[in-house]
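Structure assessment
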Amino acid sequence: LAPAPGTNGQVYRFDPTTGAEAWHGPADIGPLLAIGPNVFLAGSDQAPLQRRAFTGNWSTLAVNGTPATSERPFFRGLGHAPFDDRIYVGMDDGRVAGYRRTGTQVFNGWSFPGTVSHALLPLPDRVLSAAFDEVGNAWRLTEHAYVSGDVLTWRPMDHACIALRSAGGERVLSFGNSNGAL
């Protein structure tokens, strides 16, 4: 259990025998994802992307590239690929990186220049990224090759994407806001 991204506070671990236990108190919480015995925690303003086994120490996977004065989150979301236990993270510089559960980086993709990768959806043959083009002020659904990370194609989106979900086969659901509405 963790505070909302962009805040600070305490991360709690729950155990059926001992109950709630204060586990980690980062000053800068962004997206958080638990996979098996590992937790991946990305910073919001300044903290890095880190991995920790429930019983181990934190290891840094990627540094936070946000200048101290920008007040923008650098890490924009974590996506999990359950079919191969990888996690993917979108970054403010347009990069999409993928890591094994052990922390080894296995994927490096880039969206188009001037875009910020947000919601991610790993699929068995490609990785989808909802990327915001800050120059053109438009959202794009970008498809990256699963192995190389190369951009395969992109499609315009008519809403600000919050989350991507697989609907089986070739269908993807995109959740978001249209024209700033909720």
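Look up: the structure comes first, before these words.
Source: prediction; values computed, not measured.

1. Here we look at the overall build of the protein
Along the protein, the regular secondary structure elements total zero helices and 16 strands. Counting every position in the protein, which comprises 182 residues, the buried fraction comes to 43%. Relative to all contacts within the protein whose residues are 6 or more apart in sequence, the contacts with residues 24 or more apart total 30%.

2. Some words on the side chain of Glu143
Topologically, Glu143 is positioned in strand S13 (residues 138-145). Discounting chain neighbours no more than four positions away, the residues touching Glu143 are Arg126, Val127, Leu128, Asp150, Val151, Leu152, Thr153 and Arg155.

3. As for unusual backbone geometry
Most peptide bonds adopt trans geometry, and most residues besides glycine take a negative phi value. Non-glycine residue Asn137 carries a positive phi angle of around 55°. Among the residues examined, Asn137 registers a relative accessible area of 58% and is labelled exposed.

4. Looking at a nonpolar patch on the surface
Taken together, the side chains of Leu1, Tyr12 and Phe14 present a nonpolar region at the surface, about 360 Å² in accessible area. Along the chain, Tyr12 falls in strand S1 (residues 11-15). We classify Tyr12 as partly exposed; its relative accessible area is 37%.

Conventions we followed
- Residues numbered from 1 in each chain as written.
- Predicted model: local features only at pLDDT ≥ 70, side-chain atom pairs only at ≥ 80, totals over all residues.
- Heavy atoms only, no water.
- Helix = DSSP H or I, 4+ residues; strand = E, 2+ residues; numbered from the N terminus.
- Buried < 20%, exposed > 50% of the residue type's maximum accessible area, 1.4 Å probe, protein only.
- Contact = heavy atoms within 4.5 Å.
- Patch = residues over 30% accessible without salt bridge, like charges linked within 9 Å, V, L, I, M, F, W, Y side chains within 5 Å.
- Areas by Shrake-Rupley, 256 points an atom, 1.4 Å probe, with all protein chains shown as cover.
- Salt bridge = Lys/Arg side-chain N within 4 Å of Asp/Glu carboxyl O.

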